Amino acid sequence: MTERATLFEVGPRDGLQNEPGLIATADKIRLVDMLGDAGLTRIEVTSFVSPAWVPQMADAAEVLAGIARRPGVSYSALTPNLKGFQRAEAAGADAVAVFGAASESFSRKNINCSIAESLERFGPVLDAARAAGVPVRGYISCVTDCPFEGHIAPAAVAQVARELLAMGCHEISLGDTIGQGTPGRVDAMLSAVLEEVPVERLAGHFHDTNGRALDNIEVALARGLRVFDAAAGGLGGCPYAPGAAGNVASEAVVARLHALGYDTGVDEGRLALAADFARGLKTSAEVS
Ligand code: HMG
Ligand code: MG
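We now turn to the structure provided with this report. Here the structure is a predicted model, which is why all the values come from computation and not from measurement.

The protein atoms donating to the magnesium ion (ligand 2) are D14 (OD), H205 (NE2) and H207 (NE2), with metal-donor distances spanning 2.0 to 2.3 Å. All donors of the magnesium ion (ligand 2) come from a single chain, and their spacing in sequence reads D-x190-H-x1-H. Residues H205 and H207 agree in their burial class; the two are buried.

Written out as structure tokens, the structure reads:
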């Protein structure tokens, strides 16, 4: 039987959060719907973050309200704190994600607190989500490299992963935020994290700055990971991570997984249409 691998589509969130011009809410909704039509079953739609920090995600509730929800698709959102969770819950997000880091400097730049403070802040989100029956994913940024601190020790990643798991995150997504990870260092990082977290609870989140994301995905596949974050059209970047280029493109990940014999459930033709549309949004933002 063909083995399954799952795409976790982050384009509408990680892909669009960094765009210089404001993208119309209707276009974001159309992108999410096209991704659902392509067979993606886990779609990160938006972020309930501070609009002062990330203006591009200020229409989070409107986007969630406008999408045509397909049965069997989980529509999720980032929530940095309890306020974010409450907004996401009111807007009907199926799942949420807290996002921390393995680098102190990046944690401060991105969410304005230390790693320890971030974990304290996530506690009430996990408690409220548990009470509401909403699954929580935990991101860890800078799992191999930080734009401010350089290489990150695998043990630092493993420690944050252990804590997020203990708090109740159902899945930990390991983010090579600036796409500087090499296959060797990704493997060393995974080796440390796998001491703390069962492989079926891990996802790989690779940015493609140096063109190594697909190689790093193969390293993660060899370690047993089967969930990969990606953005249609290869859009992306983090406003608080200088040098972070796009996420690995969903269409490239799907093509590679299919070539390796995995079943993803994604229709490559329909995904190509969504990817073209996503790239067009980027272009219109740049010219505006
Ligand atoms: P802060 O300024 O320290 O927050 O920001 P605060 O608690 O002091 O609140 C300041 C103001 O923001 C208050 O409003 C709050 O109500 C408001 P005021 O009283 O001044 O009018 N506020 C909010 N408003 C709406 N929704 C909220 C919210 N929280 C506070 N949830 C905070 C701290 C975490 C809020 C801020 O730093 C923030 O929003 N950061 C988000 C940055 C971000 O979105 N980064 C990109 C996503 S992470 C990423 O891309 C990496 C990833 O892809 C993985 C990888 O690649 O590695 C996930
Ligand atoms: Mg990212």
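A few words now on the site of ligand 1. Residues in contact with ligand 1 amount to 27 residues; listed here are only the nearest, N81, R87, N112, S141 and T177. One of the side-chain N or O atoms of N110 is found 2.8 Å from a nitrogen atom in ligand 1. H207 is positioned such that a nitrogen or oxygen atom in its side chain is 3.1 Å from an oxygen atom of ligand 1. A total of 1100 Å² of accessible area belongs to ligand 1 in isolation, and the protein chains cover 73% of it. For ligand 1, the cavity whose grid points lie within 2 Å of the majority of its atoms is the largest pocket. Of all the secondary-structure elements, those providing two or more residues to the shell around ligand 1 are α1 (11–15), α4 (82–91), α5 (104–111) and β5 (136–141). Here the shell around ligand 1 takes three residues from α4, the largest share from any one element.

The rules behind the values
Residues numbered from 1 in each chain as written. Chains lettered and ligands numbered in written order. Predicted model: local features only at pLDDT ≥ 70, side-chain atom pairs only at ≥ 80, totals over all residues. Heavy atoms only, no water. Donors = N, O, S within 2.8 Å, 3.2 Å for Na, K, Ca; no water. Buried < 20%, exposed > 50% of the residue type's maximum accessible area, 1.4 Å probe, protein only. Near = heavy atom within 4 Å. Polar contact = N/O pair within 3.5 Å; in protein donor to acceptor, adjacent residues only side chain to side chain. Areas by Shrake-Rupley, 256 points an atom, 1.4 Å probe, with all protein chains shown as cover. 1 Å grid on protein atoms, 1.4 Å probe; cavity = no way out; pocket = protein on both sides within 12 Å on 5 of 7 lines; lining within 4 Å. Sits in = over half its atoms within 2 Å of the grid points. Helix = DSSP H or I, 4+ residues; strand = E, 2+ residues; numbered from the N terminus.

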